[in-house]
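Chains, contacts and geometry: an overview
Residue-level listing of the chains:
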Amino acid sequence: MKTLRRLIYGEVLVAVAFVTLSFLALFFFFDFVDELQGVGSNNGGYQLKHAFIYVLLLVPSHLYELLPISVLIGTIFVMARLAQSSEFTILRTSGLGPSLALRNLMGLGLAFVVLTFVVGDYVSPLCDRYGQLLKSRYMGQISVGQTGAWLRERQADRSFAVNVQTLTPDGNPSGIRIFEFDKDGQWTGLIRAKLGILTNDDAWVLQHVERDSLTRQGTASNLVRSSTQEQTWPTGITSEMVSVALLKPDRMGTIDLFQYIRHLGANGQATQRFEIEFWKKVFYPLSCLVMVVLALPFAYLHFRSGNIASHVFGGVLAGISFFLLNNVFSYIGNLNSWAPWFAAAAPGMLYSVASLAAFGWLVVRQ
């Protein structure tokens, strides 16, 4: 059985590596062409070598996204080729039963699961952050979208809504607006600051500060405006939370995303979308197992008529439909308030059942 595993594992690993490298080369080319538009900006600070390094830092994110589909294409190709050359038939007559074949492929799938988890949870977020800092260092700042990043915090009987427009190359927030509300939810003040220095003392040191305070006396209201060069604002919002708010949920690490969900829940904010993304992060590496199960039935098909290409293409379409359904279930689950774990796990369960049913039907038929 060691010889059998060495044969199948070697063939699948080579095929998956070839497919993955082909996809990564294609994405690298597209990303590099796109980055060329920014070369020479900010008085020539962002140069060709910086664009090349930034695109390299995007490779782990693409690898994380592409691994399951690469596993599917590579495994289908190997299984179909073994069936076409009758090698798999010889293996079956030598004692490779259906359960043993499934168990061997599942073992290989677990290795891809671990690889996908490590890349998506550790390598990809780290490279994304370094990429952002690299661009901010040579292009001036990190853009946070049209309205910036929004964070919310409760302190005793008050609550705050914090808006950060951009991040400096050092990772400090700039273009800060802090809206203050009382325990009844009524607006009581606004702090505007050009820059905030994040300290380790549970506080931000705000610079170039303007403050509007609203005081109420009966039915009358009075707006007081003041300004100062520096002000310390106590807060539990850390630099990690600001960084998490800038990344897409699917680009965060699982632990970072979990901590961000706890922060949102503690401050009375909706967490359904982020909980679905959290469970997708948990289940996404397991999609590699779904892919190898989906590929195994191709080893039991007959390709004497030379129609291997059409079968492989059909399998690839089935894999693509899995990822489309995965995204559709996320949106449907968010709209209908489904249990987050169910919205994330349902596509994988459906395709696993369908693949095992097709595998069982082919085994019984033959």
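1. Re the overall build of the protein chain
In terms of helices and strands, the protein chain carries eleven helices and seven strands. Within the protein chain, contacts between residues separated by at least 24 positions form 63% of all contacts whose residues are at least 6 apart in sequence. Taken as a whole, the protein chain presents about 18900 Å² of accessible surface, with 61% of it coming from carbon and sulfur.

2. Structural notes on the pairing of strand E5 (residues 187-198)
Here strand E4 (residues 173-181) pairs with E5 via seven bridges, running antiparallel. Opposite Phe-179, over in E5, you have Leu-190 as the bridge partner. Count of turn residues in the E4/E5 antiparallel hairpin: five residues, of which Gly-185 carries a positive phi of about 85 degrees. Bridge count for E5 against strand E6 (residues 203-217) is nine bridges, and the pairing is antiparallel. Bridge pairing in E6 places Ile-191 opposite Arg-211.

3. Examining empty space enclosed by the protein
This structure, assessed with the given rule, holds one cavity of 30 Å³ or more. Counted as a void, the largest cavity has a volume near 30 Å³. Forming the boundary of the largest cavity are Ile-8, Met-79, Phe-88, Ala-101, Asn-104, Leu-105 and Leu-296. Broken down by element, the lining of the largest cavity gets its largest block of residues, three residues, from helix H5 (residues 98-139). Per-class residue counts for the lining of the largest cavity are six nonpolar, one polar and no charged.

4. Quick look at the packing of aromatic side chains
Throughout the structure, instances matching the rule amount to 15 aromatic pairs. Summarising the aromatic geometry, the rings of Phe-160 and Trp-233 are spaced 5.5 Å apart at their centres and angled 75 degrees between planes, so their arrangement reads as edge-to-face. Of the two residues, Phe-160 is situated in strand E3 (residues 158-167) and Trp-233 in strand E7 (residues 220-234); the sequence distance between them amounts to 73 residues. Relative accessible area serves as the criterion here: at 4%, Trp-233 is assigned to the buried category.

5. Side note on helix H8 (residues 272-283)
Along its twelve residues, H8 runs 16 Å from first to last C-alpha, staying within 8% of the 16 Å computed at 1.5 Å per residue. Of all the positions in H8, only Phe-274, Ile-276, Glu-277, Phe-278, Lys-280 and Lys-281 are classed as buried.

6. A word on the nonpolar core
Among the nonpolar cores identified, the biggest contains 48 residues, and Met-79, Phe-88, Leu-96 and Tyr-300 are the most heavily contacted of them. Mapped by element, the contributors of at least two residues to this core are helix H1 (2-35), helix H3 (48-84), helix H4 (87-93), H5, helix H9 (287-295), helix H10 (308-335) and helix H11 (340-365). The element that contributes the greatest number of residues to this core is H3, accounting for eleven residues. The contacts of Leu-96, once residues within four sequence positions are left out, are Leu-4, Ile-8, Phe-88, Leu-91, Ala-101 and Asn-104. Counting residues in hydrophobic clusters, the runner-up holds 23 residues, among them Val-162, Val-164, Val-209 and Phe-274.

7. Observations concerning the packing of helix H7 (residues 254-266) against H8
Axes are the key here: two packed helices are described by the angle between their axes and the distance separating the axes. Running from amino to carboxyl end, H7 crosses H8 at an angle of 160 degrees, the nearest separation of the two axes being 10 Å. In this view, H7 runs roughly antiparallel relative to H8, as classed from their interaxial angle. The element H7 and its partner H8 pack so that their crossing is left-handed. Here Thr-254, Leu-257, Phe-258, Tyr-260, Ile-261 and Leu-264 of H7 come into contact with H8, specifically with Phe-274, Glu-275, Glu-277, Phe-278, Lys-281 and Val-282. Broken down by class, the residue content of the contact of H7 with H8 amounts to eight nonpolar, one polar and three charged.

8. Some thoughts on the pattern of salt bridges
The tally for this structure, following the rule as stated, stands at six salt bridges. Where Glu-11 meets Arg-81, a salt bridge forms, and the shortest distance between an N and an O atom there is 2.8 Å. Here the residue Glu-11 occupies a position in helix H1, and Arg-81 occupies one in helix H3, the gap between them amounting to 70 residues. Through salt bridges with shared partners, a single ionic network connects Arg-192, Glu-210, Asp-212 and Arg-225.

9. Some thoughts on a nonpolar patch on the surface
A cluster of nonpolar side chains, contributed by Leu-26, Phe-29, Phe-30, Val-33, Leu-36, Val-39 and Leu-48, occupies part of the molecular surface with about 620 Å² of accessible area. With four residues, the single largest contributor to the nonpolar patch is H1. Secondary-structure assignment places Leu-26 in helix H1.

10. Details of unusual backbone geometry
You will see that His-208, though not glycine, has its phi angle at about 55 degrees, which is positive. Considering the arrangement of structural elements, one finds His-208 in strand E6. A positive phi angle, close to 55 degrees, is found at Ser-337, a residue other than glycine. Here Ser-337 lies in the loop between H10 and H11. Classification of Ser-337 as exposed rests on a relative accessible area of 58%.

11. As for H7
Its 13 residues give H7 an end-to-end C-alpha distance of 18 Å, which sits within 8% of 18 Å, the value for a rise of 1.5 Å per residue. Considered for burial, the residues of H7 that qualify are Thr-254, Leu-257, Tyr-260, Ile-261, His-263 and Leu-264. Phi turns positive, to about 70 degrees, at Gly-268, one or two residues after H7.

12. Side note on the confidence of the model for the protein chain
Per-residue confidence for the protein chain gives a mean pLDDT of 81; residues scoring 70 or more make up 88%. Within the protein chain, H1 carries the highest mean pLDDT (90), whereas strand E1 (residues 142-143) carries the lowest (56).

Rules of the game
- Residues numbered from 1 in each chain as written.
- Predicted model: local features only at pLDDT ≥ 70, side-chain atom pairs only at ≥ 80, totals over all residues.
- Heavy atoms only, no water.
- Helix = DSSP H or I, 4+ residues; strand = E, 2+ residues; numbered from the N terminus.
- Contact = heavy atoms within 4.5 Å.
- Areas by Shrake-Rupley, 256 points an atom, 1.4 Å probe, with all protein chains shown as cover.
- Pairing = 2+ DSSP bridges.
- 1 Å grid on protein atoms, 1.4 Å probe; cavity = no way out; pocket = protein on both sides within 12 Å on 5 of 7 lines; lining within 4 Å.
- Points joined across faces, edges and corners; volume = space filled by probe spheres on them.
- Nonpolar A, V, L, I, M, F, W, Y, C, P; charged D, E, K, R; others polar.
- Phe/Tyr/Trp six-rings, centres within 6.5 Å; stacked < 30°, edge-to-face > 60°.
- Buried < 20%, exposed > 50% of the residue type's maximum accessible area, 1.4 Å probe, protein only.
- Expected span 1.5 Å × (residues − 1).
- Core = buried A, V, L, I, M, F, W, Y, C linked by side-chain atoms within 4.5 Å.
- Axes fitted to C-alpha atoms, helices over the stretch in contact; angles between N-to-C directions.
- Parallel < 35°, antiparallel > 145°, perpendicular 65-115°, else oblique.
- Left-handed = near helix turned anticlockwise from the far one by under 90°.
- Salt bridge = Lys/Arg side-chain N within 4 Å of Asp/Glu carboxyl O.
- Patch = residues over 30% accessible without salt bridge, like charges linked within 9 Å, V, L, I, M, F, W, Y side chains within 5 Å.
- pLDDT = per-residue confidence, 0-100.

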